[in-house]
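Listed below are the residues making up each chain.
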Amino acid sequence: MQGYVHSTESFGTVDGPGVRFVVFFQGCPMRCLYCHNPDTWQPAQGMVMTTEEILMQYERYKEFLKSGGITATGGEPMLQMDFLTDLFTKAKAKGIHTCLDTSGICFSPENPDACRQLAAVTDLVMLDIKHIDDEKHRRLTGQSNRNILAFAEFLAAEGVPLWIRHVVVPGWTDDAASLEALGHFIGGLKTLKALDVLPYHDMGKAKYEALGMDYPLADVPALAKEDAEAARVQIMKGLKARLLEK
């Protein structure tokens, strides 16, 4: 099976547990204002690869990847659902740990069968929740968060381990009420394994300039590490409150 791949990375260290072979899928329906990979947005571009070719590349480095596996990221991998599922199915048959880094935007609560097939061959999902408030999520990404939150609950029900990621953007995602509400929501996910609270950075500016694009958050300063740590405390406050409700 063929799909569109933007690029691959042989020794990823921030894309799931261990050292990983990372596949950047081409195409994404989200338009996050702080996206640092705008060159992955357009679908049906990039390299045309088969799942077998990707696994052949993995095999070249497998001796260094024993503690890791394969991570599908993007772009949005679930935009190419059949290709993604085929890759993970074949990887699992080889005993390779599979990790999906996704926004969850392609999930359809009304038609979950395709996602159920994918979940069966996925060892870990790193789900990026941009904002817990739907209206603010729309302003930040151009999309509603309803299917994303539904996807988180779906994965928990399917027993798929979850890492939640949240980028703290000054003036956009850093208010205490929203952070606590996010914590309250993820506190209800029974397969939650980790929470990554990431400080916003503007290192994507150069890429936007190279592509002849205006950077939407040009006036937003990078977030200090201690502010990200303070935001994590707020999220954990909401999470602990949810756990006390049980």
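You'll find the structure just up there.
Computed from a predicted structure; not experimentally measured.

Asks: Can you break down the pattern of salt bridges residue by residue, with the values?
Replies: Evaluated as defined, the whole model comprises 17 salt bridges. Measuring nitrogen to oxygen at the nearest pair gives 3.6 Å for the salt bridge that ties Arg165 to Asp101. Residue Arg165 is found in strand β7 (residues 162-168), and its partner Asp101 is found in strand β5 (residues 98-102); the two are separated by 64 residues along the sequence. Of the two residues, Arg165 and Asp101, neither departs from the other in class, the shared state being buried. Put simply, Glu52, Asp86 and Lys90 are held in one network by salt bridges that share partners.

Asks: Provide a residue-level description of the sheet that holds β5, including the pertinent values.
Replies: Pairing is mixed across the open sheet formed by eight strands, whose spatial order is β3-β1-β2-β4-β5-β6-β7-β8. One side of each edge strand has no neighbouring strand; the edge strands of this open sheet are β3 (47-50) and β8 (192-199). Recorded for the sheet is a direction-independent mean angle of 30 degrees between the axes of neighbouring strands. Inspection of the sheet shows strand β1 (residues 2-12) paired to β3 by four bridges, in the antiparallel sense. The partner of Gly3 across the bridge, within β3, is Met49. Where helix α1 (residues 51-61) meets the sheet, it contacts β1, β2 (20-25), β3 and β4 (69-73), and its direction lies at approximately 80 degrees from that of β3. Across the sheet, helix α5 (residues 146-158) is in contact with β5, β6 (124-128) and β7; its angle to β6 comes to roughly 160 degrees.

Cut-offs and rules
- Within each chain, residue numbers correspond to sequence positions counted from 1 in written order.
- Local features in this predicted model are restricted to residues whose pLDDT is 70 or higher, and side-chain atom pairs enter the listing and the counts only when it is 80 or higher, whereas totals over whole chains, interfaces and linings include all residues.
- Hydrogens and water are ignored here; the side-chain numbers use all heavy atoms of the structure.
- Criterion for a salt bridge: a side-chain nitrogen of Lys or Arg within 4 Å of a carboxyl oxygen of Asp or Glu.
- Secondary structure is summarised from DSSP: a helix means a run of H or I of at least four residues, a strand means a run of E of at least two, and numbering begins at the N terminus for each.
- Categorising residues by exposure relies on relative accessible area from a 1.4 Å probe, with only protein chains included: less than 20% of the type maximum marks a residue as buried, more than 50% marks it as exposed, and the intermediate range marks it as partly exposed.
- DSSP bridges decide pairing: two strands pair if at least two such bridges lie between them.
- Under this scheme, a helix contributes an axis fitted over its contacting stretch, all axes are lines through C-alpha atoms, and angles between N-to-C directions fall in the 0 to 180 degree range.
- Contacts were defined at the residue level, with two residues in contact if any of their heavy atoms lie within 4.5 Å.

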